[in-house]
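For reference, the chains in residue letters:
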Amino acid sequence: MAADVHMFTCLSDNFGALIHDRATGATAAIDVPEAEPVLAAAKEKGWTISHILVTHHHPDHVQGIEAVKAATKAHVIANAADAHRIPLVDETVAPGGKARFGSLEAD
């Protein structure tokens, strides 16, 4: 399960990250501090965002979810305990569970 990771700056003091599954072409944005840099980074790499993995509800992790989901129809996965504070969640993961996208999974 080989993956490529691309990191880039967001906001004035934050980073964004994309993880790309080479086997399936699935690409996950890890959090979405703001939409424009996330979408631009995916375009630059030639990747299509299929998933958004949300670590927690703070604004600098979620404020761009709505715009990225609108642009990509990405599947939003969040911690079950925090999902009520995160916009547009499609799937939740309980503590100890795994988030899966493409052939990859994250604890």
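It should be noted that the structure appears before, not after, this text.
Since this is a predicted model, take the numbers as computed values, not measurements.

A.B. asks: So what's going on with the overall build of the protein? Which residues, and what values?
C.D. replies: Summing up its helical and strand segments, the protein has three helices and eight strands in all. Here the C-alpha radius of gyration of the protein, 13 Å, is about what a compact globule of 107 residues would show, namely 13 Å. The dimensions of the protein, computed from C-alpha atoms along their principal axes, are 35 × 35 × 25 Å. Buried positions account for 41% of the 107 residues belonging to the protein. Summarising the internal contacts of the protein: among those between residues at least 6 apart in sequence, 42% fall at separations of at least 24.

A.B. asks: Now, about the environment of His 20: what can you tell me, with residues and values included?
C.D. replies: Topologically, His 20 is positioned in strand S2 (residues 14–21). On the basis of relative accessibility, which here comes to 12%, the residue His 20 falls in the buried class. Remark: the alpha-carbon pair of His 20 and Asp 4, spanning 16 residues in sequence, is separated by 5.1 Å. Once residues lying within four places of it in the same chain are set aside, the contact partners of His 20 are Ala 2, Ala 3, Asp 4, Gly 25, Ala 26, Thr 27 and Trp 47. Of note is the side chain of His 20, whose polar atom sits 2.7 Å from the side chain of Thr 27.

A.B. asks: Go over the side chain of His 61 with me, naming the residues and quoting the values.
C.D. replies: By the secondary structure assignment, His 61 is in helix H2 (residues 59–62). Apart from residues no more than four positions distant in its own chain, His 61 is found in contact with Asp 31, Val 32, Pro 33, Thr 55 and His 56.

A.B. asks: Got a sec to walk through the side chain of Asp 21? Specific residues and values, please.
C.D. replies: Summarising the element assignment, Asp 21 is placed in strand S2. In this structure, Asp 21 is buried with no salt-bridge partner, the nearest side chain bearing the opposite charge being Arg 22 at 7.8 Å. Non-local contacts of Asp 21, meaning those with residues more than four positions away in its chain, are made with Ala 2, Ala 26, Phe 101, Gly 102, Ser 103 and Leu 104.

A.B. asks: Now, about the pairing of S2: what can you tell me, with residues and values included?
C.D. replies: Across the eight residues of S2, six count as buried, placing the element largely inside the fold. Pairing of strand S1 (residues 3–10) with S2, which is carried by eight bridges, proceeds in the antiparallel orientation. Bridge pairing links His 6 to Leu 18 in S2. Relative to strand S3 (residues 27–30), S2 runs antiparallel, the two sharing four bridges. Bridge assignment links Ile 19 to a residue of S3, and that residue is Ala 28.

A.B. asks: Account for the environment of Phe 101, with residues named and values stated.
C.D. replies: Within the secondary structure, Phe 101 sits in strand S7 (residues 99–101). A relative accessible area of 3% means that Phe 101 is categorised as buried. Separated by ten residues in sequence, Phe 101 and Glu 91 have C-alpha atoms that sit 12 Å apart.

A.B. asks: Any details on the pattern of salt bridges? Residues and values, ideally.
C.D. replies: Considering all chains together, one arrives at six salt bridges under this definition. For Arg 100, the salt bridge identified is with Glu 105, shortest N-O distance 3.2 Å. Linked through salt bridges whose partners overlap, the residues forming this network are Lys 98, Arg 100, Glu 105 and Asp 107.

Conventions and cut-offs
Every chain begins its residue count from 1, and numbering advances along the sequence as written. In keeping with the predicted nature of the model, local features appear solely for residues at pLDDT of at least 70, side-chain atom pairs appear and are counted solely at 80 or more, and the whole-chain, interface and lining totals rest on all residues. Note that water and hydrogens are dropped before the side-chain values are worked out from all heavy atoms of the structure. Under the DSSP-based scheme used, a helix requires at least four consecutive residues in state H or I and a strand at least two consecutive residues in state E, with every element numbered from the N terminus. Restricting the calculation to C-alpha atoms gives the radius of gyration, and the globule rule supplies 2.2 Å times the number of residues raised to the power 0.38. Exposure is judged per residue with a 1.4 Å probe applied to protein chains only, and the accessible area is read against the type maximum: over 50% gives exposed, under 20% gives buried, and values in between give partly exposed. In what follows, residue pairs with any heavy atoms lying within 4.5 Å of each other are defined as contacts. The term polar contact refers here to a pair of N or O atoms within 3.5 Å; inside protein, the definition further demands a hydrogen-donor-capable atom paired with an acceptor-capable atom, and it admits residues adjacent in sequence only when both atoms are side-chain atoms. Neither His nor the chain ends is counted toward charge; the positive residues are Lys and Arg and the negative residues Asp and Glu. One speaks of a salt bridge when a side-chain nitrogen belonging to Lys or Arg is within 4 Å of a carboxyl oxygen belonging to Asp or Glu. A pair of strands is considered paired only if DSSP assigns at least 2 bridges between the two.

Function cannot be read off these values alone, since they describe shape.
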